[in-house]
Amino acid sequence: MSKSHLARTLREPRELVAQGLARDVDLPNLESVAARYAIAVTPEIAALINPDDPHDPIARQFIPSAQELVAGPGERADPIGDDAHSPVAGIVHRYPDRVLFKLIHVCAVYCRFCFRREMVGPGKDSALSEEAYAAALAYIRAHAEVWEVILTGGDPLMLSPRRLAEIMADLAAIDHVKIIRLHTRVPVADPERISDRMVGALKVSDATTWVALHANHARELGPNARAAIARLADAGIPMVSQSVLLRGVNDNAQALEALMRAFVECRIKPYYLHHGDLAPGTAHLRATLAEGQELMRRLRGRVSGLCQPDYVLDIPGGAGKAPIGPAYHVPQDSFGSEREVVRETRYRVTDYCGEVHMYPSS
Ligand code: SF4
């Protein structure tokens, strides 16, 4: 598909069929999916999809599937338990030193595996009201332990540069807020939105801005996305990555390696590889924990340390993130020869080739 063929974002199943991105025969099921979960495929993303490849890793992330109508075991509407930690509308205060600030519920694209899929989309509340925004800001102001505010949603870069500049200034004016981090997919999904005005809006004098880019396949980091990322990096904004381990997208060593290398080439430090959350209708896109750990082991052996993300699980119910990468060291008791008394604990340390080495505990 060529970008020049599309003038606007595709939002309806019949538009996807008309563009050759979905099959006519699937239309009734896709209409059922669309009635529940938002669809958006930007011209930029459509241009990355090879419609002749039934296993295209970009299509798999954005083109709806009838499998989304199937509820998997353990799946839930609020898989990472945002609601359990929301003291006021728009704020999630799960960890002591940082809060999520959910400003809007719209995104440039809607990912089929989204962990907030029940909350994002045009049909949901699109933005915090003025009163709710003021109350959220007051909450941050009143909690001196909040060192970092993470703007998420939805995608905060869907706000206008003017509104974003106001919000950044409001947050930077709070003495104890030192870091403002924005989670976004916009540089990939709609790179033209990263204009000089947008970059200018992100820069504030009294706090440090970080941008966390969500991408899951190296092909998402094409020339337009790289140019948008460069505009952010050239402005001195440090960037980290977020990816989700997805079956059929990046669940093999080559794809994961290419993605992490592409991030580093773009001046983005790989940060998180998320295990897929238990969002409704996403079982077909989740890999297993064992597969994730094996992929991380292979990445460690093959690729520069700069390219290593943390493999993490958001514990269902709201207990937060846990690193779930493979263990390279395990304690092993050694015993005295005469009376079977434990003398010391040593560690069995496994190197990237699978060789085991012993290391003293102190
Ligand atoms: S961009 Fe983020 S919030 Fe929006 S649909 Fe994708 S995963 Fe969900």
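The preceding data block contains the structure.
Presented here is a report on the structure given in the accompanying data block.

1. Some thoughts on the pairing of strand β4 (residues 179-184)
Part 1 of the reasoning: Burial within β4 is extensive, with 6 of its 6 residues counted as buried.
Part 2 of the reasoning: Neither face of β4 is open: one carries Ile 179, Arg 181 and His 183, the other Ile 180, Leu 182 and Thr 184, and all of them are buried.
Part 3 of the reasoning: Across 4 bridges, strand β3 (residues 148-152) lies against β4 in parallel orientation. Following the sheet pairing, Leu 151 is matched in β4 by Leu 182.
Part 4 of the reasoning: Handedness of the crossover joining β3 and β4 through helix α6 (residues 161-172): right-handed.
Part 5 of the reasoning: Across 6 bridges, the pairing between β4 and strand β5 (residues 208-214) is parallel. Paired with Ile 180 across the bridge in β5 is Thr 209.

2. Side note on the packing of helix α10 (residues 253-265) against helix α11 (residues 289-302)
Part 1 of the reasoning: Interhelical geometry of α10 versus α11 gives an angle of 55° and a closest axis separation of 10 Å. Between α10 and α11, the angle falls in the class oblique. The crossing of α10 and α11 is right-handed. On α11, the residues touching Ala 253, Gln 254, Leu 256, Glu 257, Met 260 and Arg 261 of α10 are Leu 295, Arg 298, Leu 299 and Arg 302.
Part 2 of the reasoning: Tallied by class, residues from the contact of α10 with α11 come to 5 nonpolar, 1 polar and 4 charged.

3. Structural notes on the sheet that holds strand β8 (residues 310-315)
Within a sheet, adjacent strands bond to each other through the backbone by hydrogen bonds, running parallel or antiparallel.
Part 1 of the reasoning: Strand order in this open sheet of 9 strands is β1-β2-β3-β4-β5-β6-β7-β8-β9, and the pairing throughout is mixed. Sheet topology places β1 (91-95) and β9 (320-323) at the edges, where each strand pairs with a single neighbour. Neighbour-to-neighbour, the strand axes of the sheet open up by a mean angle of 30°, direction not taken into account.
Part 2 of the reasoning: Bridge count for strand β6 (residues 239-244) against strand β7 (residues 268-274) is 6 bridges, and the pairing is parallel. Looking at β7, one finds that Met 239 is bridged to Ile 268.

4. Observations regarding helix α9 (residues 223-234)
An α-helix turns once every 3.6 residues. As a result, residues three or four positions apart point the same way.
Part 1 of the reasoning: For α9, built from 12 residues, the straight-helix expectation of 16 Å at 1.5 Å per residue is met to within 8% by its first-to-last C-alpha distance of 16 Å.
Part 2 of the reasoning: At its buried positions, α9 is contacted by α7 (186-189), α8 (196-202), β5, β6 and β7.
Part 3 of the reasoning: Following α9 by one or two positions, Gly 236 has its phi on the positive side, about 85°.

5. Some points on the pattern of salt bridges
Part 1 of the reasoning: Applying the stated criterion across every chain, the model contains 23 salt bridges.
Part 2 of the reasoning: One salt bridge connects Arg 116 with Asp 82, and the closest N-O pair in it is separated by 2.7 Å. Separated by 34 residues along the polypeptide, Arg 116 in the loop between β2 (98-102) and α5 (130-142) and Asp 82 in the loop between α4 (59-62) and β1 bring together distant segments of the chain. No difference in accessibility class separates Arg 116 from Asp 82, as the two residues are buried.
Part 3 of the reasoning: In the salt-bridge network here, residues are joined through shared partners; they are Asp 82, Arg 94, Lys 102 and Arg 116.

6. So, the nonpolar core
Part 1 of the reasoning: By size, the foremost hydrophobic cluster in this structure holds 88 residues, and its most contacted members are Ile 45, Phe 101, Ile 140, Val 149, Leu 151 and Leu 171.
Part 2 of the reasoning: Ranked by the residues each element gives to this core, the list is headed by α10, at 6 residues.
Part 3 of the reasoning: Judged by nonpolar contacts, the second largest core, of 6 residues, contains Ala 38, Cys 107, Cys 114 and Val 120.

7. A few points about unusual backbone geometry
Part 1 of the reasoning: Here the bond from Gly 153 into Gly 154 is cis, since omega is 5°, no more than 30 degrees from zero.
Part 2 of the reasoning: Positive phi values are uncommon outside glycine, yet Arg 267 reaches one of about 70°.
Part 3 of the reasoning: In this structure, Arg 267 sits in the loop between α10 and β7.

The rules behind the values
Note on numbering: residues in each chain are counted from 1, in written sequence order. Two thresholds apply to this predicted model, a pLDDT of at least 70 for residue-level local features and 80 or more for giving and counting side-chain atom pairs, whereas whole-chain, interface and lining totals are computed over all residues. Where side-chain values are given, they derive from all heavy atoms of the structure, hydrogens and water being excluded. Only protein chains enter the accessibility calculation, which uses a 1.4 Å probe. A residue is then buried if its area is under 20% of the maximum for its type, exposed if over 50%, and partly exposed in between. Secondary structure elements are taken from DSSP: a helix is a run of H or I of four residues or more, a strand is a run of E of two residues or more, and numbering for both begins at the N terminus. A pair of strands is labelled paired if DSSP reports no fewer than 2 bridges between them. When the strands point away from the viewer, a crossover counts as right-handed if the route from the first strand across the helix to the second turns clockwise. For every element, the axis is a line fit to its C-alpha atoms; helices are fit only across the contacting stretch, and the angle between N-to-C directions ranges from 0 to 180 degrees. Here the word oblique covers every angle except those under 35 degrees (roughly parallel), over 145 (roughly antiparallel) and from 65 to 115 (roughly perpendicular). A crossing counts as left-handed when the near helix is turned anticlockwise from the far one by less than a right angle, and as right-handed when that turn is clockwise. The contact rule is simple, with two residues in contact once any of their heavy atoms fall within 4.5 Å. Only Asp, Glu, Lys and Arg are considered charged, only Ala, Val, Leu, Ile, Met, Phe, Trp, Tyr, Cys and Pro nonpolar, and every remaining residue, Gly among them, polar. One fewer than the residue count of a helix, multiplied by 1.5 Å, yields its expected span. Here, a salt bridge means any Lys or Arg side-chain nitrogen found within 4 Å of an Asp or Glu carboxyl oxygen. Working definition of a nonpolar core: buried Ala, Val, Leu, Ile, Met, Phe, Trp, Tyr and Cys residues. They are joined through side-chain atoms within 4.5 Å.

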